[in-house]
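# Remarks on the overall topology
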Amino acid sequence: MKRRTSTSVAAALALCLPTLTVLADDTAAAQGLWLSAQKDGVVELKPCVEEPSALCGTVVWDKDASVSPPKPGDCGLRIVKLKRFDDGAWRDGWIHDPREKKNYKGMIRAKGNEMTMRAYIGIAVLGKSEDFTRVDSIPAGCPPAQK
Amino acid sequence: MLKTTLCAAALALLPLAAAAESPPADKEPVITDYSIDGHLKLLTDRRTRGISETFRRPAAEFHLEAAHASGLVGLVEAATLSDKVYANSSGYTALAAGGYRWGNHEGWHFGLGLAHEWFPGAHFEAPTTIDFAIDPDSGQPFPVPGGVRDFKFDTSYAVVEFAYGALEGRYLNVLSRDFRGANTGSVCGTLLTLRADPTGGLDCFARGDHGSRGTHLVDLDYTLKIDGRTSLVLHGGYQKVRHFSEADSWDWRVALKHSRWGLDWTLEALGAHMKASELGLAFDSAGRSKRMEAPGVVLTVAYPFSF
């Protein structure tokens, strides 16, 4: 009986482990460098320094900062902080729109090399989405100190 | 909103101080509870359900939409139109709508609302009855129009929206007496005037004086995302005009949308099929006719903005 219980626990753990691994992978799926659909900016998503369980996003390349002479850009600007990962997406936090200088509720869902960022008011239906594509490197442009 | 998050054009206008306004890392920022978005649009033709409102000529449109975190939404829109299509029109139309949206944006979501559209200046006089008299000379019967009244095109709607993923649908039910002037005078009068055989027009008048309250309008759109800034929209629509099946129609549209240089570009092929094709005709000042529902290609450029 005892052996049978141990076997059951082992089997249950064996079933759970892949799930836990998938969850860990999912939360990390959003991390990395993401190029906007307009190809005019790159956002880096990674765990927040002050709250490692949350996801933060910072502008690490801005097309305007790469022109000569450089225009004012948003290099170094934090535009995302989302605290909870649920149902395959990061939620519960804010997304900052630098043009409007307004903060919205936000949601990020990433899969492979595609990421969708949604900013909304109240409920997610009342919002807009932007698609991003994963990139490996940051183009030159932003002052190194701000990257 | 987010479309503009990293918009180059917008960033170019930002002062350096914008970075300083980013929420501090250790503080919860104030999250807005409203949004106001709009666009200014130029079109080579402006159509509603595949039927041109501008005599198949260029048009301009202004659109403003506001939403509150509670789910309440409202919009206003104004656009140019042709007095060849809307008789005696002042040359523009306006729309106001309000409602409530709810649901899961990744699953089913819905909207309920009311809308009203105005066609300032536009009106027409038409008979609502046709009687017959006997020509004393020939002894032949001839139609005598009666009950001439003045009608407008202004229309009110109840609106239901529904969407799931890439599929978006809308159902409208006409609340006003007429759907864009569709009534015995306009529909039956047009058939009687333009058809060589008067039977259809006379039969239409014989059904009595009716408006078109209760007309059903259905639109279905399927958006196929090609990349982050390009999409293909397939549209099908149907309108069932109450009391006037002659004005029933379906419409189609294939639109390629692309965002570039801070503008939204659309190239679309579209058209409609009306059960009674005479109802799709409009006439210029020289009396030449054009089919407003004929298939066509429309290029649109829109400047989107947000507050």
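Residues numbered from 1 in each chain as written. Chains lettered and ligands numbered in written order. Predicted model: local features only at pLDDT ≥ 70, side-chain atom pairs only at ≥ 80, totals over all residues. Heavy atoms only, no water.

## Comments concerning the sheet that holds strand 13 (residues 167-174) of chain B
Selection criterion: Two strands form a pair only when DSSP identifies at least two bridges running between them. Helical segments are the DSSP runs of H or I of at least four residues, strand segments are the runs of E of at least two, and each set is numbered from the N terminus. Axes, fitted as lines to C-alpha atoms, cover a helix only where it is in contact. Angles between the N-to-C directions of the axes lie from 0 to 180 degrees.
Around the barrel, which closes on itself, the 12 strands sit in the order 1-4-5-6-7-12-13-14-15-16-17-20 (chain B) with antiparallel pairing between neighbours. Strand-to-strand twist in this sheet, taken as the mean axis angle between neighbours without regard to direction, amounts to 20°.

## Comments concerning the layout of surface pockets
If you roll a probe as big as a water molecule over the atoms, it shows you where there is empty space left. Residue and element names in this part refer to chain B. We count it as follows: Within this scheme a cavity is a closed region of a 1 Å grid, computed over the protein atoms alone, that accommodates a 1.4 Å probe without allowing it to escape, whereas a pocket is open but has protein on both sides within 12 Å along at least five of seven lines; lining residues each have an atom within 4 Å of a point. Grid points are joined across faces, edges and corners, and a volume is the space filled by probe spheres set on the points. Basically, the charged four are Asp, Glu, Lys and Arg, the nonpolar ten are Ala, Val, Leu, Ile, Met, Phe, Trp, Tyr, Cys and Pro, and anything else, Gly included, counts as polar.
Of the volumes computed, that of the second largest pocket is approximately 920 Å³. Lining the second largest pocket are 36 residues, and of these Val-85, Phe-153, Thr-190, Leu-279 and Leu-281 sit closest to its centre. Sorting the residues of the lining of the second largest pocket by element identifies strand 3 (51-52), strand 8 (123-126), helix 3 (184-194) and strand 18 (281-283) as the ones contributing at least two each. Tallying contributions element by element places helix 3 first for the lining of the second largest pocket, with 7 residues. Taken together, the residues that form the lining of the second largest pocket break down as 20 nonpolar, 10 polar and 6 charged.

## Overview of the pattern of salt bridges
Two side chains carrying opposite charge are able to pair once their charged atoms lie near each other. The line we're drawing: For this analysis, a salt bridge means a side-chain nitrogen from Lys or Arg found within 4 Å of a carboxyl oxygen belonging to Asp or Glu.
This structure, assessed with the given rule, holds 31 salt bridges over all chains. Connected via shared salt-bridge partners are B:Lys41, B:Arg46, B:Glu53, B:Glu61, B:Glu77, B:Glu117 and B:Arg180.

## Thoughts on the environment of B:Ser138
All names here are of chain B. Here is the rule: Distance and chemistry together define a polar contact, namely a pair of N or O atoms within 3.5 Å, with one atom able to donate a hydrogen and the other to accept it when in protein, and with adjacent residues in sequence counting only for side-chain atoms on both sides.
Looking at the element boundaries, Ser-138 is found in the loop between strand 9 (129-134) and strand 10 (141-146). Taking the C-alpha atoms as reference points, Ser-138 and Leu-114, separated by 24 residues in sequence, lie 55 Å from one another. Here the side chain of Ser-138 touches Gln-140 through a polar contact of 3.2 Å, landing on its backbone nitrogen.

## A look at the pairing of strand 6 (residues 92-103) of chain B
Residue and element names in this part refer to chain B. The pairing of strand 5 (residues 72-80) with strand 6 spans 9 bridges and is classified as antiparallel. Looking across to strand 6, one finds that Leu-75 is bridged to Ala-97. Here strand 6 runs beside strand 7 (residues 108-118); their pairing, made up of 10 bridges, is antiparallel. Bridge assignment links Arg-101 to a residue of strand 7, and that residue is Gly-111.

## Observations regarding the state of the cysteines
Residue and element names in this part refer to chain A. The criterion, for reference: Only a pair of cysteine sulfur atoms within 2.5 Å counts as a disulfide in this structure description. Buried, partly exposed and exposed residues are distinguished by accessible area as a fraction of the type maximum, computed with a 1.4 Å probe on protein chains only: under 20%, between the cut-offs, and over 50%, respectively.
Tallying each qualifying case throughout the model produces 2 disulfides over all chains. Cys-48 shares a disulfide with Cys-56; S-S distance 2.0 Å. Classification of the bridge connecting Cys-48 and Cys-56 rests on its S-S torsion, roughly 95°, and on that basis the disulfide is right-handed. Each member of the pair, Cys-48 as well as Cys-56, carries the same accessibility label: buried.

## A closer look at helix 4 (residues 199-206) of chain B
Residue and element names in this part refer to chain B. In plain terms, the rule: By definition, the arc is the one covered by directions from the helix axis to the C-beta atoms. Any two residues whose heavy atoms approach within 4.5 Å are treated as being in contact.
The complete set of buried residues in helix 4 reads Gly-201, Cys-204 and Phe-205. The arc that holds the buried residues of helix 4, viewed along the axis, is 95°, so those residues lie on one side. On its buried face, helix 4 sits against strand 9 and helix 3. In the segment just after helix 4, Gly-208 is the residue with positive phi, at about 105°.

## Concerning the side chain of B:Thr215
All names here are of chain B. As for its placement among the helices and strands, Thr-215 is situated in the loop between helix 4 and strand 14 (216-227). Of the polar contacts made by the side chain of Thr-215, one reaches the backbone oxygen of Ser-212; its length is 2.7 Å. Among the polar contacts made by the side chain of Thr-215, one reaches the main-chain amide nitrogen of Arg-242 at a distance of 3.1 Å. Sequence-distant contacts of Thr-215, that is, excluding residues within four places in its chain, are made with Leu-172, Asn-173, Val-174, Phe-179, Lys-240, Val-241 and Arg-242.

## Focus on the packing of helix 3 of chain B against helix 4 of chain B
Residue and element names in this part refer to chain B. What counts here: Angles below 35 degrees are treated as roughly parallel, those above 145 as roughly antiparallel, those between 65 and 115 as roughly perpendicular, and all remaining angles as oblique. A clockwise turn of the near helix away from the far one marks a right-handed crossing, whereas an anticlockwise turn of less than a right angle marks a left-handed crossing.
Contact geometry for helix 3 and helix 4: axes closest at 7 Å, N-to-C directions at 160°. Overall, the two elements helix 3 and helix 4 adopt an arrangement that is roughly antiparallel. Helix 3 and helix 4 meet at a crossing whose hand is left-handed. Where helix 3 abuts helix 4, its residues Thr-184, Val-187, Cys-188, Gly-189, Leu-191 and Leu-192 lie against Gly-201, Leu-202, Cys-204 and Phe-205. Its residues placed into classes, the contact of helix 3 with helix 4 shows 7 nonpolar, 3 polar and no charged.

## Focus on the sheet that holds strand 3 (residues 55-62) of chain A
All names here are of chain A. In space, the 8 strands of this closed barrel follow the order 1-2-3-4-5-6-7-8, with antiparallel pairing throughout. Here the average twist between neighbouring strands, direction ignored, is 30°. Bridge count for strand 3 against strand 4 (residues 78-86) is 4 bridges, and the pairing is antiparallel. Among the inter-strand pairings, Gly-57 is bridged to a residue of strand 4, identified as Val-80.

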